[in-house]
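# A closer look at the structure
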Amino acid sequence: VDADTVSVSNLSRQILHTTSTVNVNKAKSAAIAVERLNPHCRIIPVPEFADAVKLKALVKNADVILDCTDNLATRIAVSRAAHDAGKPLVFASAVRFSGQLTVFDPSVPESPCFECIFEEDDPGNDVKAAAVGVFSSVTGIVGTLQATEALKIAAGIGSTLCGRMLFIDALNMQFDTIRVKRRKGCRRFFQCLRNSNFQWPDTGKTGRRQGGRDTVRNLEGENHEKKISGMLGRGRGGESLKTGERI
């Protein structure tokens, strides 16, 4: 689903497109590339922006949704459509040398939703790669991991990142995972309760916020600080990225 057209600046990181498809709609260009790789695939390109009504129809016919968008408004719209339909959503984003990845799954009682973590009216959560840049290979790393999570969900195998957020620091080649939980102040919290009969667990202390940094604890008990703010979006303050332990 994409109404945009391919530009030369996309080619270093959006490898489905080539110089021969510059100025072609991105959804159609992607369909051409996938069909060239495997003509037995059935691709349905949607060369337009999807509003709430369109999203509802598209999500209804899907088993798993992948959010590959680059702005907060669209991410929230996709998340709400997936959540309302009870469909798992694999979320990923990349900017500069950093990436993040998680799974929101309404069928899992303890799963947070997108808005449990990212505040709609916080501009820090809407950092765009087009504005600050992105290291081309980072999108490949993040995209491959996102596809892996989607395939696992479709196949019903393994353990997903539901309830965990993976952070990728390609500049230092470091991967960190923190726990993310439902937030009682989330605007969609009560709908989460209705959808899953969720019982709020007695989890005790899970870490603290200090000056824009989330303190996380690894398995050895040593305190570490990961600067969430400014990487890809801060998440909600206070109970935003409730961090408990590094895993």
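### Quick word on a nonpolar patch on the surface
- Nonpolar side chains collect at one region of the surface, where Phe97, Phe135 and Leu171 lie side by side and expose about 290 Å² of accessible area between them.
- Summarising the element assignment, Leu171 is placed in the loop between strand E4 (164-169) and strand E5 (174-179).

### Focus on the sheet that holds strand E2 (residues 89-95)
- In space, the five strands of this open sheet follow the order E1-E2-E3-E4-E5, with mixed pairing throughout. Each edge of the open sheet carries a strand with a single partner, namely strand E1 (65-67) and E5. Averaged over all neighbouring strand pairs, the angle between strand axes comes to 15°, with direction disregarded.
- The pairing of strand E3 (residues 98-104) with E4 spans four bridges and is antiparallel.

### Some thoughts on the pattern of salt bridges
- Under the defined criterion, the tally for this structure stands at three salt bridges.
- Close ionic contact of Asp4 with Lys26 constitutes a salt bridge, the shortest N to O distance being 3.5 Å. Remark: Lys26 occurs in helix H1 (residues 26-37) and Asp4 occurs in the segment before H1; sequence separation between them is 22 residues.
- Its salt-bridge partner being Arg80, residue Glu115 comes within 2.8 Å of it at the nearest N-O pair. Taken together, the residues Glu115 in helix H4 (residues 114-117) and Arg80 in helix H3 (residues 72-85) connect sequence positions 35 residues apart.
- On the basis of relative accessible area, Glu115 is assigned to the buried category, the value being 1%.

### Description of H3
- An ideal rise of 1.5 Å per residue puts 20 Å on 14 residues; H3 measures up with 20 Å between its terminal C-alpha atoms.
- Looking at H3, one finds that the buried residues are Leu72, Arg75, Ile76, Val78, Ser79, Ala81, Ala82 and His83.
- The first or second residue beyond H3 is Gly86, which carries a positive phi of 70°.

### A short note on unusual backbone geometry
- Of note in the backbone geometry, Asn23 takes a positive phi value of approximately 75° without being a glycine.
- One can find Asn23 in the segment before H1.
- Asn23 sits in the exposed class, given a relative accessible area of 63%.
- Located in the positive-phi region is Met173, a residue other than glycine, with phi close to 50°.
- Along the chain, Met173 falls in the loop between E4 and E5.
- With relative accessibility at 54%, the residue Met173 sits in the exposed group.

### Focus on the environment of Glu119
- Mapped onto the fold, Glu119 is located in the loop between H4 and helix H5 (129-132).
- Residue class for Glu119 comes out partly exposed when judged on its relative accessible area of 23%.
- Spatially, the C-alpha atom of Glu119 lies 9.5 Å from that of Ile76, the residues being 43 residues apart in sequence.

### Re the nonpolar core
- Counting residues in hydrophobic clusters, the biggest one holds 22 residues, and the most contacted among them are Ile65, Leu89, Phe104, Phe114, Ile117, Phe118 and Met165.
- If you tally residues by element for this core, the top one is H3, at five residues.
- Formed by 15 residues, the second largest nonpolar core is a distinct cluster that contains Val103, Val138, Ala150 and Cys162.

### Details of the side chain of Asp105
- Its location among the elements puts Asp105 in the loop between E3 and H4.
- No salt bridge is formed by the buried Asp105; its nearest oppositely charged neighbour, Arg182, is found at 8.9 Å.
- Look past the residues within four positions of Asp105 in its chain and what remains in contact with it is Pro88, Ser111 and Cys162.

About the cut-offs
- Residues numbered from 1 in each chain as written.
- Predicted model: local features only at pLDDT ≥ 70, side-chain atom pairs only at ≥ 80, totals over all residues.
- Heavy atoms only, no water.
- Patch = residues over 30% accessible without salt bridge, like charges linked within 9 Å, V, L, I, M, F, W, Y side chains within 5 Å.
- Areas by Shrake-Rupley, 256 points an atom, 1.4 Å probe, with all protein chains shown as cover.
- Salt bridge = Lys/Arg side-chain N within 4 Å of Asp/Glu carboxyl O.
- Helix = DSSP H or I, 4+ residues; strand = E, 2+ residues; numbered from the N terminus.
- Pairing = 2+ DSSP bridges.
- Axes fitted to C-alpha atoms, helices over the stretch in contact; angles between N-to-C directions.
- Buried < 20%, exposed > 50% of the residue type's maximum accessible area, 1.4 Å probe, protein only.
- Expected span 1.5 Å × (residues − 1).
- Core = buried A, V, L, I, M, F, W, Y, C linked by side-chain atoms within 4.5 Å.
- Lys, Arg positive; Asp, Glu negative; His and termini not counted.
- Contact = heavy atoms within 4.5 Å.

None of the figures reported here should be taken as evidence of function without further support.
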